[in-house]
Every structure is written in C-alpha cells, then in structure tokens.
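Each chain, letter by letter, is given below.
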Amino acid sequence: AGYYRVNSPPHLWARLVQASTEPGRISDADLANLIDDAFALTLDGRLSGVILSLARALGIRTAHESTFVTSSYESWQSMSIGLHTLHSLIAGAVLAGSSSAGLIAGPGLELVPRRCVDDLQRFVRTQVIGRCLDPLLAMPPSGVLAGHGAHGASASSLSMGVRTIKSQLEALAPPILLSLASTMRDVRVGVWVLRALQPCFDAPAAECGAIRQIPPDLRFQCLAICASFDVSGRCWQLVRSQLPFAENDPSYRNALLVALARAPTEALLNKTLELTINGTIARPQDLGSMIAMLANNPTVLRARPIVWEAAKAHVVTVSMGGGGGGAFGFSSVLSNVASGFASEEMAQDVQIFLALNPTLNVPDRITRAVVGKIRSQAIWVETYGADTCAVLESWHA
C-alpha cells in the first residue's frame, strides 16, 4: 500500500504527449493524473521539459473542443496548479540567485536569469492558453456563465438551483483560465475585465453596481485581474472602497480581499500589507489568509521576502491571525510564506528567527518540513533550473 508516481521511458512520454492533444483520446481524470505525475517528477529532477510539452498539448486539445474547457476541467486544474508553482519557483530563484549565501551555500549564482520568468509567461500565453481564451473573451463577464450554462442545463433548472455536473464545470472552468492568464500577464484579460468595470470609473459612486452584475463564480477573478494589471492604483482604490458594502456578504468580501492582495507594484503591496497588519482592511480571522495571498502575489517579484520581513517585524500580531495564536498563527506563516523560498540563506533565516523566538512554540515537525522544502527547492533550482530555462527559451527561438 502507498502513494505512487508513474514514470515512463522518453519514447512513451512522447506518445502520451501526442495522445494528450486529441480530445477524448485520454480521459480528463487520467490526463489530470498524468499531469500531476509529470509535475511531481519534474520537481524531483526525473523529468525535463515533459511538463511543458504536456501544457502545450492541453492547449491544443482544448482549442479543438466545442464545449469550452468543460471536458478537460480536471486537467486544467492540475496544470494550473503546476504552472503557478513553477512560476513561483522560478521567480523565487531569480531572487535567490543573487542572494549573499547563494542557492545552496557559497557565492550567489546566476543560474536562473530574469528573462526566464518572462519566457515562462510568454510560453503559457502563446503555446498553452492562446486560443483557449477566445470563447471566454468573446463575451462580457456578466454573460459568461449564462452563455455557457446553456450547454449543460436549462434556464428553468438553473433558476431552481439544479445544475448538472457539466454546467458546474462550466462555471468553474473560466476562473481557472483567467487566473492562469493573469499570472502569465496576458493583457487580453486585463482589457476584458476593464470593460466590465468601466462604469465604476465613468460614474463614480459609493457602491459600484457593475461589480455586483458579474456572476459570483467570476467576480473574484475579475476584481483581482483589474487590480493586478492597473499599475496606476485606480482599480486597487476602487476595490478598497467597496469593503464597507461587503460586511454581510462573506464571499464578496473575500473577493475584494483577494483583489487587494494582487497589488501590481511594490508600493501598493507595501500599502496593502500595512493596512492588513494594522487591521484597517483585514479582520483578525482574515489576517492569515491575507498574509499568504500577499506573499504569493505573482506580479511583484519581491513580494515573498517583503511579506516575510513584515511578518517577523510584527510577529505578535501575525501570530494571532486566522483566529489562532502563537504556534498556530505563525505555523501558518511558515507554511504559506516561508516555504516558497528557494535558497540556503532563507532556510537559515527561518531557523535563526525561530531559535530567537522560542515563545512561538512552533512544532519541530513544521519547522523541519518548511526548512526541508526550502532546501529541496534550492537544490532543484541549482540542479535543473538552467535546463528548464533553456527549454523555455528554445520554444521562442
């Protein structure tokens, strides 16, 4: 008994990649498992480039489908998680490469150049999600679910709250693609969302009705995309101004907080972080999730170290986040913030900080797990980072 990963010889992977391009050739569940295995094996150093080929294959498969991404929803979910992880790891490696202690130990290493982040984003935009977004962007956000719901259930059944599995997947699929497109800086989604929210800027009012017109399934992504693409801060300010109107609507409030955490510049990220820690925009039960979302901001390259330093500087406040205290609160910070680093310098920083703050009572097993993950990611970057960047660069040669 146990949990197993399945690897294959190179020629079999090539056949599996080819089969993945054809709708229906491999079931959605099997393809999702294949993608999950490929990512795990890539991070374990046993594969190189296969996951990128699978990502491209999934894009081709979806572009041939007539039901949006419904029949490949689980595959896109696995692929999105993996590509977000790879993006975060490469972005972190760019910072780690110039750190004083280097990736493992010793001098800083330029193994992952800054352009590698750009290459990954461009690869996903052009080779993976390209045409898959076209059906979604062809209609306004307020019409997406209504338009695609027709494939799965009648209007009357939807009004009664009865949805088929297919219509549920059609509701869940667009946010996955939108999130991936936003992380990979696809400006088309920024323009698409801005059209829906333009009335909020054309006729400013205390409460913007245009936001409420976006279906709840898409609202949080639309707000987050607007905030993350608008470097002027206009969208960020709009989102913040709506918080008072969401006090009795937890899902809406969460959508607003997600958007604020997607601040597109260091200045706005620092402002959001300050307002979060001092309790202006985040209630005690929101603090832990806001800290995690800010650290995982995909637009600001230095987001994670900025949030980590703030968490250490305000350790008492942060430790009370999430409704817990002490070990519970700061363990969450370790798991959601510090575990994303990829250098020996940061592994040592975590250990030293916890040694100097024994009253936090963070369990040893959590410390070992987080420090171990940081070091394993550093080893992956040093061992395989350059190869991954070379593969990405070759796609654009």
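Here's a quick rundown of the structure. Remember, predicted model here, so these are calculated numbers, not experimental data. (Residues numbered from 1 in each chain as written. Predicted model: local features only at pLDDT ≥ 70, side-chain atom pairs only at ≥ 80, totals over all residues. Heavy atoms only, no water.)

1. Digging into helix α5 (residues 115-129)
Then, number 1: The end-to-end C-alpha distance of α5 is 20 Å, a good match for the 21 Å that 15 residues give at a rise of 1.5 Å each.
Then, number 2: If you check which residues of α5 are buried, you get Cys-116, Val-117, Asp-119, Leu-120, Gln-121, Phe-123, Val-124, Val-128 and Ile-129. (Helix = DSSP H or I, 4+ residues; strand = E, 2+ residues; numbered from the N terminus. Expected span 1.5 Å × (residues − 1). Buried < 20%, exposed > 50% of the residue type's maximum accessible area, 1.4 Å probe, protein only.)

2. Some points on helix α21 (residues 364-395)
Then, number 1: Across its 32 residues, α21 extends 43 Å between first and last C-alpha, which sits within 8% of the 46 Å expected from 1.5 Å per residue.
Then, number 2: Along its length, α21 reaches its greatest deviation from straightness, about 55°, at Tyr-384. (Bend = angle between axes of the 7 residues up to and from the residue.)

3. Considering unusual backbone geometry
Then, number 1: The backbone phi angle of Arg-185 is positive, close to 60°, even though this residue is not glycine.
Then, number 2: Within the chain, Asn-361 stands out as a residue other than glycine whose phi angle is a positive 55°.
Then, number 3: Secondary-structure assignment places Asn-361 in the loop between α20 (344-356) and α21.
Then, number 4: By relative accessible area, which is 56% here, Asn-361 ends up exposed.

4. Here's the deal with the state of the cysteines
Then, number 1: Applying the stated criterion across every chain, the model contains three disulfides.
Then, number 2: For Cys-116, the disulfide goes to Cys-389, at an S-S distance of 2.1 Å. For the disulfide bridge between Cys-116 and Cys-389, the dihedral angle about the S-S bond is near -100°, and by the sign convention the bridge is left-handed. Of this pair, Cys-116 sits in helix α5 while Cys-389 sits in helix α21, and the two are 273 residues apart along the sequence. The pair formed by Cys-116 and Cys-389 is uniform in burial state, with each residue classed as buried.
Then, number 3: Shown here is the disulfide that connects Cys-200 with Cys-208, its sulfur atoms set 1.7 Å apart. Between Cys-200 and Cys-208, the S-S torsion sits near -65°, and that sign places the bridge as left-handed.
Then, number 4: Under the relative-accessibility criterion, Cys-200 is labelled buried at 5%.
Then, number 5: Looking at the protein, its bonded cysteines, counted consecutively from the start of the sequence, adopt the pairing 1-6, 2-3, 4-5.
Then, number 6: Unpaired in terms of disulfides, Cys-222 finds its nearest cysteine sulfur in Cys-226, a separation of 9.2 Å. (Disulfide = S-S within 2.5 Å.)

5. Focus: the packing of helix α12 (residues 216-229) against helix α14 (residues 250-261)
Then, number 1: One way to put it is that α12 packs onto α14 with a least axis distance of 8 Å and a crossing angle of 25°. With respect to α14, the element α12 is oriented roughly parallel. In this structure, α12 meets α14 at a crossing whose hand is right-handed. On α14, the residues that touch Arg-219, Phe-220, Leu-223, Ala-224 and Ala-227 of α12 are Tyr-252, Ala-255, Leu-256, Val-258 and Ala-259.
Then, number 2: The residue inventory of the contact of α12 with α14, partitioned by class, reads nine nonpolar, no polar and one charged. (Axes fitted to C-alpha atoms, helices over the stretch in contact; angles between N-to-C directions. Parallel < 35°, antiparallel > 145°, perpendicular 65-115°, else oblique. Left-handed = near helix turned anticlockwise from the far one by under 90°. Contact = heavy atoms within 4.5 Å. Nonpolar A, V, L, I, M, F, W, Y, C, P; charged D, E, K, R; others polar.)

6. Observations concerning the packing of aromatic side chains
Then, number 1: A complete count under the given rule lists four aromatic pairs for this structure.
Then, number 2: An angle of 50° between the planes, with centres 5.3 Å apart, marks the rings of Phe-123 and Trp-395 as tilted. With Phe-123 in helix α5 and Trp-395 in helix α21, the pair connects residues that are 272 residues apart, well separated along the chain.
Then, number 3: Trp-395 sits in the partly exposed class, given a relative accessible area of 28%.
Then, number 4: On the basis of an interplanar angle of 70° and a centroid distance of 6.0 Å, the ring pair of Trp-308 and Phe-353 is categorised as edge-to-face. (Phe/Tyr/Trp six-rings, centres within 6.5 Å; stacked < 30°, edge-to-face > 60°.)

7. Some remarks on the pattern of salt bridges
Then, number 1: Enumeration according to the criterion identifies 18 salt bridges in this entry.
Then, number 2: A salt bridge links Arg-5 to Asp-37; the nearest nitrogen and oxygen atoms lie 3.0 Å apart. Residue Arg-5 is located in the segment before α1 (10-20), and its partner Asp-37 is located in helix α2 (residues 28-43); the two are separated by 32 residues in the primary sequence.
Then, number 3: A residue is classified by how much of its surface remains accessible, and Arg-5, at 35% relative accessible area, is partly exposed. (Salt bridge = Lys/Arg side-chain N within 4 Å of Asp/Glu carboxyl O.)

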